[in-house]
Amino acid sequence: MPRVRSLLLGAAATVLLATIAPQAFAATARLTATVTQTSVWNTGYGADVVIANSGDAAASGWTVEFDLPAGTTVSRAWSATMTANGNHYRFTNLGWNGTVAPGATVSFGFNAVNGGLPSNCTLNGAPCSDATPGTPPPTTTPPAPSTPPTSTPPAGPIVDVSTAAQLSAALAAATPGQTIRLAPGTYHGAFVARTTAIASAPITVTGPPTAILTNPDSSGTNPGCSVPAEGFDPGYGFWLYGAAHWHLTGFTVAGARKGIMIDASPFVTIDGVQVRDIGDEGVHFRRSSSDGVLRNSRIFNTGLTQPAYGEGVYLGSANSNWSCYGNSGGMDASDRVSVLGNWIGPGVAAEHVDIKEGTSGGVLRGNTFDGRGIAGQNSADSWVDAKGSDYLIEDNTGSFGTPGTFANGYETHNPTAGSGCGNVWRGNVSDLGGVGKWAINVTSTSKCAGNLNVVHASNTVTRATGGLTNIAVTP
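Rules and cut-offs
Residue numbers restart at each chain and count upward from 1, following the sequence in its written direction. Thresholds applied to this predicted model are a pLDDT of at least 70 for local features of residues and 80 or more for the giving and counting of side-chain atom pairs; totals over whole chains, interfaces and linings are not thresholded and use all residues. Excluded from the side-chain calculations are hydrogens and water; all other atoms, namely the structure's heavy atoms, are used. Helix numbers and strand numbers start at the N terminus; a helix is a DSSP run of H or I with at least 4 residues, a strand a run of E with at least 2. We call a residue buried when its accessible area falls under 20% of the maximum for its residue type, exposed when it is over 50%, and partly exposed in between, using a 1.4 Å probe and counting protein chains only. Whether two residues are in contact is decided by their heavy atoms: any pair within 4.5 Å suffices. Areas reported here follow the Shrake-Rupley algorithm with a probe of radius 1.4 Å; residue values treat only the protein chains shown as occluding. pLDDT is a residue-level measure of predictor confidence that goes from 0 to 100. The term salt bridge refers to a side-chain nitrogen of Lys or Arg lying within 4 Å of a carboxyl oxygen of Asp or Glu. When two cysteine sulfur atoms are found within 2.5 Å, that pair is recorded as a disulfide. Criterion used throughout: strands pair if DSSP finds at least two bridges between them. Angles run from 0 to 180 degrees between N-to-C directions of axes, and those axes are lines fitted to C-alpha atoms, restricted for helices to the stretch in contact. When the centres of two rings from Phe, Tyr and Trp lie within 6.5 Å, Trp using its six-membered ring, the rings pair. Their planes under 30 degrees apart give stacked, over 60 give edge-to-face, and anything left gives tilted. In our convention, an over-ring charge means Lys NZ or Arg CZ found within 6 Å of a ring centre and within 35 degrees of that ring's normal. Arc definition: directions from the helix axis to the C-beta atoms. We define the nonpolar core as a collection of buried residues of types Ala, Val, Leu, Ile, Met, Phe, Trp, Tyr and Cys that are connected through side-chain atoms lying within 4.5 Å of one another.

**Digging into the overall build of the protein chain**
Summing up its helical and strand segments, the protein chain has 2 helices and 43 strands in all. The proportion of buried residues among the 475 residues of the protein chain is 52%. Taking contacts inside the protein chain between residues at least 6 apart in sequence as the whole, the part at least 24 apart equals 71%. Summed over its atoms, the accessible surface of the protein chain is roughly 18,200 Å², and 54% of this surface lies on carbon and sulfur atoms.

**With respect to the confidence of the model for the protein chain**
If pLDDT is low for a region, its predicted coordinates should not be looked at in detail. On average, the protein chain scores 87 in pLDDT, and the residues at 70 or more come to 87%. Between residues 1–25, whose pLDDT stays under 50, and residues either more than four places distant or in other chains, the model counts 46 contacts. Long-range and interchain partners of residues 131–155, a stretch whose pLDDT sits below 50, account for 54 contacts in this model, where long-range means more than four residues apart.

**Observations regarding the pattern of salt bridges**
As enumerated under the stated definition, the model contains 16 salt bridges in all. Measuring nitrogen to oxygen at the nearest pair gives 3.0 Å for the salt bridge that ties Asp385 to Lys387. Here Asp385 and Lys387 have matching classes, each one buried. The network of salt bridges with common partners includes Asp354, Lys356, Asp385 and Lys387.

**Digging into the state of the cysteines**
Applying the stated rule across the entire model yields 3 disulfides. Note that Cys225 is cross-linked by a disulfide to Cys324, the S-S spacing being 2.0 Å. Measuring handedness by torsion sign, the sulfur bridge of Cys225 and Cys324 sits at about -70° and is left-handed. Of this pair, Cys225 sits in the loop between strand E18 (211–214) and strand E19 (236–241) while Cys324 sits in helix H2 (residues 322–325), and the two are 99 residues apart along the sequence. Note on Cys225: relative accessible area 27%, which makes it partly exposed. Between Cys421 and Cys448 runs a disulfide, and the two sulfur atoms are separated by 2.0 Å. Its S-S torsion of about -80° marks the bond between Cys421 and Cys448 as left-handed, since a negative value means left-handed. Of this pair, Cys421 sits in the loop between strand E37 (410–412) and strand E38 (424–426) while Cys448 is found in the loop between strand E40 (438–442) and strand E41 (454–455), placing the two residues 27 residues apart along the sequence. By relative accessible area, which is 2% here, Cys421 ends up buried. Taken in sequence order, the bonded cysteines of the protein chain link in the pattern 1-2, 3-4, 5-6.

**Focus on the sheet that holds strand E20 (residues 246–249)**
Across the sheet, 11 strands lie side by side as E13-E14-E17-E20-E23-E26-E29-E32-E35-E38-E41; this open sheet has parallel pairing. A single partner strand is all that each edge strand has here, and the edge strands are strand E13 (158–161) and E41. With respect to the sheet, helix H1 (residues 164–172) is in contact with E13, strand E14 (179–182), strand E17 (203–206) and E20, its orientation differing from that of E13 by roughly 155°.

**Looking at the packing of aromatic side chains**
In total, this model carries 15 aromatic pairs according to the counting rule given. Residues Phe238 and Phe251 carry aromatic rings whose centres are separated by 6.1 Å and whose planes lie at 40° to one another, so their mutual orientation is tilted. Pair noted here: Phe238 is in strand E19 and Phe251 is in the loop between E20 and strand E21 (252–254), with a separation of 13 residues, a long-range link. Each member of the pair, Phe238 as well as Phe251, carries the same accessibility label: buried. Ring geometry for Trp239 versus Tyr241: centroids 5.8 Å apart, planes at 90°, classification edge-to-face. Just as Trp239 is buried, Tyr241 falls in that class too. Aromatic ring contacts, followed pair by pair, group Tyr45, Trp62, Phe66, Tyr89, Phe91, Phe108 and Phe110 into a single cluster. Arg286 extends its terminal NZ or CZ atom over the ring of Tyr325, reaching a point 4.2 Å from the ring centre. Arg298 extends its terminal NZ or CZ atom over the ring of Phe300, reaching a point 3.9 Å from the ring centre.

**A word on H1**
Leu167, Ala170 and Leu171 are the residues of H1 that are buried. Buried residues of H1, viewed axially, fall in a sector of 100°; they line one side. Counted as exposed and oriented over 90 degrees from the buried face of H1: Ala165 and Ala172.

**Here we look at the sheet that holds E37**
The 10 strands are arranged E16-E19-E22-E25-E28-E31-E34-E37-E40-E43 in an open sheet whose pairing can be described as parallel. Single-partner strands in this sheet number two, and they are strand E16 (192–193) and strand E43 (467–469). Relative to strand E22 (residues 258–263), E19 runs parallel, the two being bridged by 5 bridges. The residue of E22 that forms the bridge with Tyr241 is Asp263.

**A look at the nonpolar core**
Judged by nonpolar contacts, the single largest core of 61 residues is most densely connected at Trp246, Ile260 and Ile270. Every residue in contact with Ile260, bar those within four places of it in the chain, is listed here: Phe238, Leu248, Val253, Ile270, Val273, Val275, Gly282, Val283 and His284.

**A closer look at the environment of Leu182**
You can see Leu182 is positioned in strand E14. Residue classification places Leu182 among the buried residues on the basis of a relative accessible area of 4%. Distance from Leu182 to Asp160, taken between C-alpha atoms, is 6.2 Å for residues 22 residues apart in sequence. Here Leu182 is in contact with Val161, Leu167, Tyr187, Val205, Thr206, Gly207, Pro208, Ala211, Leu213 and Phe251, once residues within four sequence places are set aside.

Next comes the structure, spelled out in structure tokens:
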């Protein structure tokens, strides 16, 4: 089992905080910060820092600072903005997690190289073990992730794992009909699966949300077009390559360079997972990984390393990458992927769903898009960019609030002939925050002659500078 070690920063772990009754006329926030080592490995450790408010008023904004001993450094942080001056580290809240409501907590995490522990911790300038005041803000913390659905595991042997080495071995030896069951804990490593299963006997990897897969640092030489190779670690949290009919349920991928990557793996189902604190994109169906399903999952805080590539969900590949990821016909035909009932955002730096040219026939239904944190880099300024064709986009709810850059709720583009056409919007609810122009912006009709995009009157919009759509509405 991974070793877990908890510390109250700035004081011994056994020290109890005194309860000081607030004066009746002055509600105040009272903040403390606690660090927990979530995993330890030979060359370092991972940790979460939890900021708790035991007061009776909300706090707005936080800054945690601490020192590390010589020889220990922070290699990566998530859910906070990090700066360093020598061995002194400073972490400040992001736009979406600065609020700490009474009785609530927020958190950030980091990975350290070598084993030295933090010291001289301060929270908003006071010792981390002391309470500090704050003022109520206008925003709230993001909602808790959906509870993963429960179901009877498929027939076949169950392999219980509790360490990274056991997980890697189980993935390498997986057979159709098998279930790999994760114990709570943090699994640090490069996890790749390459076994093809069948519809009647899928391979399942399942675990609770407290089973966390992390892989922040890529290493080795990329053999070209990102294919598995000895000694090559692309920094993916979980990688399916040529692995059809896998089911991934319940667990968390956090602190990785990329989240869940599905390559040349059709009929993959991802259900009730959490993907957070990711350097680039969260979930990517690539190399003609068709007929997949992503549902009941929560994806937030992506694009920490490269905001321009911080999509929540990425379907297919840009035509400039088809030479690597395209099929024999040239395009990346990751077709008929269904994205259903997910909560995506806040802190998703690029599109919440980027539908690439060359893909077709997918469904986006019942998702919630929280646009806080869209960075606007690389023309990423909408919840959904539909460059694929013949998608059904219905019953989704989207909102936008600061911080971020926002142009429209949904957009179409036509980078290749026939792409970005034939998509249908129905029953979507859009709140553009007084910033976005159109709920649905169709950039061209002439490029889609004979297969027009359709916007039904059942879509609604509020707080738009333009309106529902820039094309004629269909009843």
